[in-house]
Amino acid sequence: MSEIEHNTAHSPANNLGDNDLKVRKTIVMVGMMGAGKTAVGRALAVRLGVPFLDSDAEIESAANMSIPEIFERDGEPFFRAKESQVIGRLLEDTCCVLSTGGGAFLSPENRAMISERGASVWLKADLDVLWNRVRHKDTRPLLRTSDPRATLRALYEARVPLYAQADLIAVSDGEASIEEMVDRVIEVLKTRPDVVEQG
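Presented here is an overview of the structure given in this document.

Rules of the game
Residues numbered from 1 in each chain as written. Predicted model: local features only at pLDDT ≥ 70, side-chain atom pairs only at ≥ 80, totals over all residues. Heavy atoms only, no water. Helix = DSSP H or I, 4+ residues; strand = E, 2+ residues; numbered from the N terminus. Rg over C-alpha atoms; globule rule 2.2 N^0.38 Å. Buried < 20%, exposed > 50% of the residue type's maximum accessible area, 1.4 Å probe, protein only. Contact = heavy atoms within 4.5 Å. Areas by Shrake-Rupley, 256 points an atom, 1.4 Å probe, with all protein chains shown as cover. Lys, Arg positive; Asp, Glu negative; His and termini not counted. Charge placed at Lys NZ, Arg CZ, Asp CG, Glu CD. Phe/Tyr/Trp six-rings, centres within 6.5 Å; stacked < 30°, edge-to-face > 60°.

1. Things to note about the overall build of the chain
Looking only at helices and strands, the chain features 9 helices and 8 strands. Here the C-alpha atoms of the chain give a radius of gyration of 16 Å, agreeing with the 16 Å that 2.2 N^0.38 yields for 199 residues. The dimensions of the chain, computed from C-alpha atoms along their principal axes, are 50 × 35 × 25 Å. The proportion of buried residues among the 199 residues of the chain is 48%. Considering only intrachain contacts with a sequence separation of at least 6, the fraction spanning at least 24 residues in the chain is 77%. Split by element, the accessible area of the chain, about 9500 Å² in all, is 49% carbon and sulfur. If you average the places of the 24 positive and of the 31 negative side-chain charges in the chain, the two averages end up 1 Å apart.

Next up, the structure:
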(Lines give C-alpha, C1' and ligand atoms only; values in the text may rest on other atoms or scores of the structure.)
Protein backbone atom coordinates (compact mmCIF):
# COMPACT_ATOMS: atom_id res chain seq x y z
CA MET A 1 0.00 0.00 0.00
CA SER A 2 1.42 3.38 -0.93
CA GLU A 3 0.76 6.72 0.69
CA ILE A 4 1.79 10.22 -0.28
CA GLU A 5 1.90 12.95 2.32
CA HIS A 6 1.07 16.65 2.00
CA ASN A 7 3.73 18.64 0.16
CA THR A 8 2.52 21.80 -1.54
CA ALA A 9 5.96 22.96 -2.68
CA HIS A 10 6.44 19.97 -4.98
CA SER A 11 4.27 19.11 -7.96
CA PRO A 12 6.14 16.29 -9.67
CA ALA A 13 3.40 15.32 -12.10
CA ASN A 14 3.26 18.83 -13.53
CA ASN A 15 7.01 18.88 -13.99
CA LEU A 16 7.13 15.57 -15.82
CA GLY A 17 3.98 15.94 -17.88
CA ASP A 18 1.42 13.16 -18.00
CA ASN A 19 1.13 12.51 -21.73
CA ASP A 20 3.59 9.65 -21.36
CA LEU A 21 1.30 7.80 -18.93
CA LYS A 22 -0.87 4.98 -20.26
CA VAL A 23 -3.78 3.84 -18.11
CA ARG A 24 -3.90 0.03 -18.11
CA LYS A 25 -6.66 -0.51 -15.50
CA THR A 26 -9.64 1.52 -14.33
CA ILE A 27 -8.74 3.84 -11.45
CA VAL A 28 -11.50 3.78 -8.84
CA MET A 29 -11.79 6.72 -6.44
CA VAL A 30 -13.05 5.69 -3.00
CA GLY A 31 -13.56 7.46 0.31
CA MET A 32 -16.01 9.37 2.43
CA MET A 33 -18.60 11.82 1.16
CA GLY A 34 -16.83 15.16 0.78
CA ALA A 35 -13.39 13.64 0.16
CA GLY A 36 -13.34 15.04 -3.37
CA LYS A 37 -13.77 11.82 -5.34
CA THR A 38 -15.78 13.45 -8.14
CA ALA A 39 -13.82 16.71 -8.42
CA VAL A 40 -10.39 15.07 -8.20
CA GLY A 41 -11.49 12.11 -10.32
CA ARG A 42 -12.77 14.34 -13.12
CA ALA A 43 -9.54 16.39 -13.16
CA LEU A 44 -7.44 13.21 -13.02
CA ALA A 45 -9.28 11.77 -16.03
CA VAL A 46 -8.60 14.95 -18.02
CA ARG A 47 -4.90 14.82 -17.07
CA LEU A 48 -4.60 11.16 -18.06
CA GLY A 49 -6.71 11.51 -21.20
CA VAL A 50 -9.28 8.85 -20.26
CA PRO A 51 -13.06 9.00 -19.69
CA PHE A 52 -14.47 9.96 -16.28
CA LEU A 53 -17.47 8.07 -14.93
CA ASP A 54 -19.41 8.45 -11.69
CA SER A 55 -21.26 5.40 -10.37
CA ASP A 56 -23.87 7.55 -8.55
CA ALA A 57 -24.58 9.53 -11.74
CA GLU A 58 -24.90 6.26 -13.70
CA ILE A 59 -27.38 4.91 -11.12
CA GLU A 60 -29.42 8.14 -11.22
CA SER A 61 -29.47 8.04 -15.01
CA ALA A 62 -30.61 4.40 -15.12
CA ALA A 63 -33.30 4.93 -12.45
CA ASN A 64 -34.33 8.40 -13.65
CA MET A 65 -34.28 9.39 -9.97
CA SER A 66 -31.84 11.10 -7.61
CA ILE A 67 -29.90 9.06 -5.04
CA PRO A 68 -31.96 10.57 -2.15
CA GLU A 69 -35.17 9.63 -4.00
CA ILE A 70 -33.93 6.06 -4.51
CA PHE A 71 -33.04 5.80 -0.81
CA GLU A 72 -36.45 7.13 0.17
CA ARG A 73 -38.47 4.96 -2.21
CA ASP A 74 -36.52 1.70 -2.23
CA GLY A 75 -34.21 1.82 0.80
CA GLU A 76 -30.46 1.50 1.18
CA PRO A 77 -30.19 -2.30 0.58
CA PHE A 78 -31.85 -1.91 -2.85
CA PHE A 79 -29.54 0.99 -3.68
CA ARG A 80 -26.42 -0.99 -2.64
CA ALA A 81 -27.43 -3.92 -4.86
CA LYS A 82 -27.89 -1.60 -7.86
CA GLU A 83 -24.60 0.13 -7.01
CA SER A 84 -22.71 -3.19 -7.18
CA GLN A 85 -24.30 -4.03 -10.54
CA VAL A 86 -23.38 -0.64 -11.99
CA ILE A 87 -19.79 -0.74 -10.70
CA GLY A 88 -19.38 -4.24 -12.15
CA ARG A 89 -20.63 -3.06 -15.53
CA LEU A 90 -18.42 0.04 -15.53
CA LEU A 91 -15.33 -2.00 -14.63
CA GLU A 92 -15.89 -4.10 -17.78
CA ASP A 93 -15.81 -1.05 -20.03
CA THR A 94 -12.81 0.88 -21.35
CA CYS A 95 -10.17 1.93 -18.80
CA CYS A 96 -11.31 5.12 -17.11
CA VAL A 97 -11.37 7.03 -13.84
CA LEU A 98 -14.42 5.91 -11.87
CA SER A 99 -15.76 7.83 -8.87
CA THR A 100 -17.87 5.78 -6.46
CA GLY A 101 -20.29 6.67 -3.69
CA GLY A 102 -19.00 6.74 -0.12
CA GLY A 103 -20.60 3.41 0.79
CA ALA A 104 -19.56 1.46 -2.31
CA PHE A 105 -16.20 0.26 -0.93
CA LEU A 106 -17.79 -1.15 2.24
CA SER A 107 -19.01 -4.25 0.42
CA PRO A 108 -16.42 -7.08 0.40
CA GLU A 109 -17.69 -8.09 -3.05
CA ASN A 110 -17.17 -4.57 -4.39
CA ARG A 111 -13.69 -4.34 -2.87
CA ALA A 112 -12.68 -7.66 -4.44
CA MET A 113 -14.19 -6.73 -7.82
CA ILE A 114 -12.45 -3.33 -7.85
CA SER A 115 -9.08 -4.77 -6.84
CA GLU A 116 -9.31 -7.56 -9.39
CA ARG A 117 -10.34 -5.44 -12.38
CA GLY A 118 -8.99 -2.02 -11.44
CA ALA A 119 -7.18 -0.23 -8.62
CA SER A 120 -8.76 1.68 -5.74
CA VAL A 121 -7.41 5.05 -4.60
CA TRP A 122 -8.59 6.22 -1.17
CA LEU A 123 -8.79 10.00 -0.84
CA LYS A 124 -8.01 10.12 2.86
CA ALA A 125 -9.46 13.20 4.56
CA ASP A 126 -9.99 13.75 8.27
CA LEU A 127 -13.37 14.35 9.87
CA ASP A 128 -13.06 18.15 10.13
CA VAL A 129 -12.20 18.49 6.43
CA LEU A 130 -15.16 16.29 5.47
CA TRP A 131 -17.59 18.13 7.74
CA ASN A 132 -16.55 21.52 6.34
CA ARG A 133 -17.32 20.25 2.84
CA VAL A 134 -20.67 18.53 3.43
CA ARG A 135 -22.36 20.49 6.21
CA HIS A 136 -24.09 23.00 3.93
CA LYS A 137 -25.43 20.42 1.45
CA ASP A 138 -28.78 18.66 1.62
CA THR A 139 -27.92 16.03 -0.98
CA ARG A 140 -26.57 13.40 1.44
CA PRO A 141 -29.38 11.02 2.46
CA LEU A 142 -27.31 9.40 5.23
CA LEU A 143 -26.84 12.79 6.93
CA ARG A 144 -30.55 13.61 7.14
CA THR A 145 -30.55 13.09 10.90
CA SER A 146 -31.06 15.27 13.98
CA ASP A 147 -27.27 15.47 14.51
CA PRO A 148 -25.58 15.19 11.10
CA ARG A 149 -22.06 15.79 12.46
CA ALA A 150 -22.41 12.92 14.94
CA THR A 151 -23.79 10.77 12.12
CA LEU A 152 -20.82 11.69 9.93
CA ARG A 153 -18.43 10.83 12.76
CA ALA A 154 -20.06 7.42 13.26
CA LEU A 155 -19.89 6.71 9.52
CA TYR A 156 -16.26 7.87 9.44
CA GLU A 157 -15.19 5.67 12.35
CA ALA A 158 -16.95 2.63 10.88
CA ARG A 159 -15.64 3.12 7.35
CA VAL A 160 -12.01 4.19 7.77
CA PRO A 161 -10.74 0.64 8.51
CA LEU A 162 -12.37 -0.53 5.26
CA TYR A 163 -11.07 2.37 3.18
CA ALA A 164 -7.61 1.55 4.58
CA GLN A 165 -7.78 -1.66 2.52
CA ALA A 166 -7.64 0.39 -0.70
CA ASP A 167 -4.82 -0.38 -3.12
CA LEU A 168 -3.44 3.17 -2.90
CA ILE A 169 -3.87 6.20 -0.63
CA ALA A 170 -3.63 9.94 -1.33
CA VAL A 171 -4.04 12.34 1.59
CA SER A 172 -6.62 15.10 1.16
CA ASP A 173 -5.87 17.66 3.86
CA GLY A 174 -8.33 20.36 2.84
CA GLU A 175 -5.52 22.74 1.82
CA ALA A 176 -4.41 21.26 -1.50
CA SER A 177 -6.06 22.46 -4.71
CA ILE A 178 -7.74 19.96 -7.02
CA GLU A 179 -4.69 20.03 -9.32
CA GLU A 180 -2.37 19.40 -6.36
CA MET A 181 -4.56 16.46 -5.37
CA VAL A 182 -4.31 15.12 -8.92
CA ASP A 183 -0.51 15.37 -8.61
CA ARG A 184 -0.65 13.32 -5.41
CA VAL A 185 -2.87 10.66 -6.96
CA ILE A 186 -0.62 10.39 -10.02
CA GLU A 187 2.43 9.94 -7.80
CA VAL A 188 0.87 6.97 -5.99
CA LEU A 189 -0.43 5.54 -9.27
CA LYS A 190 3.15 5.52 -10.60
CA THR A 191 4.00 2.95 -7.93
CA ARG A 192 1.66 0.55 -9.75
CA PRO A 193 2.96 -0.02 -13.32
CA ASP A 194 0.14 -2.54 -13.86
CA VAL A 195 -2.30 0.39 -13.47
CA VAL A 196 -0.41 3.32 -14.98
CA GLU A 197 2.48 2.63 -17.32
CA GLN A 198 5.08 5.28 -18.07
CA GLY A 199 5.97 5.50 -21.76
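2. Side note on the packing of aromatic side chains
Per the stated rule, a full pass over the model turns up 2 aromatic pairs. Geometrically, the ring pair formed by Phe 71 and Phe 79 is tilted, given 5.0 Å between the ring centres and 45 degrees between the ring planes. For the pair Phe 71 and Phe 79, one class covers both residues: buried. Centre to centre, the rings of Trp 122 and Tyr 163 are 5.9 Å apart; their planes meet at 35 degrees, and the pair counts as tilted.

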